[in-house]
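Results of the structural survey
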Amino acid sequence: MSGIRSVVRGIGSYLPANIVTNAELSARIDTSDEWIVQRTGIRQRHIAGEGEFTSHLGLAAARNALAAAGLQPADIDLIVLATSTPDQTFPATSAVIQAELGITHGAAFDVQAVCSGFVFALSTADAHLRTGAFKRALVIGAETFSRILDWEDRGTCVLFGDGAGAMVLEAVPVNEAGNNGVLTSHLRTDGRHRAKLYVDGGPSSTGTVGHLRMEGREVFKHAVGMITDVIEDAFAATGESAQSIDWFVPHQANRRIIDASAQKLGIAPEKVVMTVDRHGNTSAASIPLALDVAARDGRLKAGDLVLIEAMGGGFTWGSALLRW
Ligand code: ACO
């Protein structure tokens with residue numbers, strides 16, 4: 001499309017201080033550490049404190065990503081934030097973060113694709129950068145799902161956590177980018193599945209925020225097939241394969257979905273970055289959180305080929321390949 005490639009300049013994340021273990025949940029509702037670990041792999045999750053909003057988590061993650069990139073807020077002219085739990089119905093939470101960063105130029109907007117949000121936001125930012133209209137983007141996934149959970153519903157409340165991750169992307173001429181940057185992205189939606197995972201409220205329907213509702217088995221049934229399909233699209237578009245990728249950084253919904261997807265694709269277990277045990281499902285934040293963990297512990301290095309994927313409410317699903 002153009003002679004520009006979006007190259008990763010930095011990654012950062014932020015988790016609320018408060019950790020809630022499975023044992024603590026078991027004291028409040030009829031569940032057990034054994035059930036949660038066996039079905040999901042989750043051992044704990046971080047939960048935002050009173051007065052701690054999605055924008056606060058996203059802002060902290062953005063600052064960490066800018067520090068990792070060695071850049072200042074003024075260097076950013078585009079913010080694309082993925083969330084299903086904005087501070088307010090409007091303005092966009094990205095506008096709040098833009099103001100807190102002191103940025104007064106460029107554009108900021110939110111995208112809403114639930115757990116696939118980060119892949120959709122990355123793809124959107126990449127497309128804008130490649131037009132040449134923007135130079136550097138902050139792509140953020142930030143969520144406070146604890147605020148839309150029904151804490152009496154043991155089938156859903158044990159699965160989710162709060163957190164944020166952010167990535168700095170820079171538009172670089174292809175001849176300078178070499179092999180690095182966002183190589184391809186693939187997005188899908190099929191709204192016929194919308195009743196399998198949804199929130200039972202909203203500004204236009206009930207005038208309330210509502211609570212998350214899910215047919216867990218139905219989600220599980222579709223997840224692996226949808227995920228592997230859209231990853232095959234990424235491999236077909238680039239000629240890469242399960243063998244050539246260095247890291248598989250999936251949306252962290254559930255260990256069984258991740259394991260089954262990796263196995264079906266033939267991705268070696270040691271290439272899979274897994275954080276669901278510590279973070280739970282943080283929806284749009286889970287991929288940049290996992291990328292940051294792998295970057296900071298030294299696994300993810302410059303030049304590595306990284307596959308990301310997600311699937312979530314809608315259903316939405318998507319994949320992207322990046323050379324770090
Ligand atoms: N603790 C103990 N028992 C529980 C719990 C719990 N937290 N939750 C449900 N149960 C019980 C049910 O009541 C049911 O009991 P019953 O047989 O007496 O009626 C039993 O466990 C089985 O319930 P199912 O819902 O059928 O359990 P399943 O094996 O399907 O596991 C789970 C549930 C973990 C949600 C699974 O369906 C799943 O992983 N689905 C994928 C959903 C997912 O990951 N969603 C995340 C959001 S979407 C995304 O990010 C992709």
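Structural data are supplied above this passage.
Because the structure is a prediction, the values reported are computed rather than measured.

1. So, the site of the ligand
- Thr-31, Arg-39, Arg-154, Arg-217 and Asn-254 are the nearest of the 23 residues found near the ligand.
- Contact between the ligand and Trp-35: a nitrogen atom at 3.4 Å from a side-chain N or O atom of the residue.
- Here Asn-254 contributes a side-chain N or O atom positioned 2.4 Å from an oxygen atom of the ligand.
- Residue assignment for the shell around the ligand shows that the elements contributing at least two residues are helix 2 (33-40), helix 6 (154-157), helix 8 (216-238) and helix 9 (255-265).
- The element that contributes the greatest number of residues to the shell around the ligand is helix 8, accounting for 4 residues.

2. Description of the side chain of Thr-54
- One can find Thr-54 in helix 3 (residues 54-69).
- According to the relative accessible area criterion, Thr-54 is buried, its value standing at 1%.
- A polar contact of 2.8 Å, which involves the side chain of Thr-54, links it to the side chain of Thr-144.
- Once residues within four sequence positions are removed from consideration, Thr-54 is found in contact with Thr-83, Thr-85, Asp-87, Thr-93, Ala-142, Glu-143 and Thr-144.

Definitions and cut-offs
Residues numbered from 1 in each chain as written. Predicted model: local features only at pLDDT ≥ 70, side-chain atom pairs only at ≥ 80, totals over all residues. Heavy atoms only, no water. Near = heavy atom within 4 Å. Polar contact = N/O pair within 3.5 Å; in protein donor to acceptor, adjacent residues only side chain to side chain. Helix = DSSP H or I, 4+ residues; strand = E, 2+ residues; numbered from the N terminus. Buried < 20%, exposed > 50% of the residue type's maximum accessible area, 1.4 Å probe, protein only. Contact = heavy atoms within 4.5 Å.

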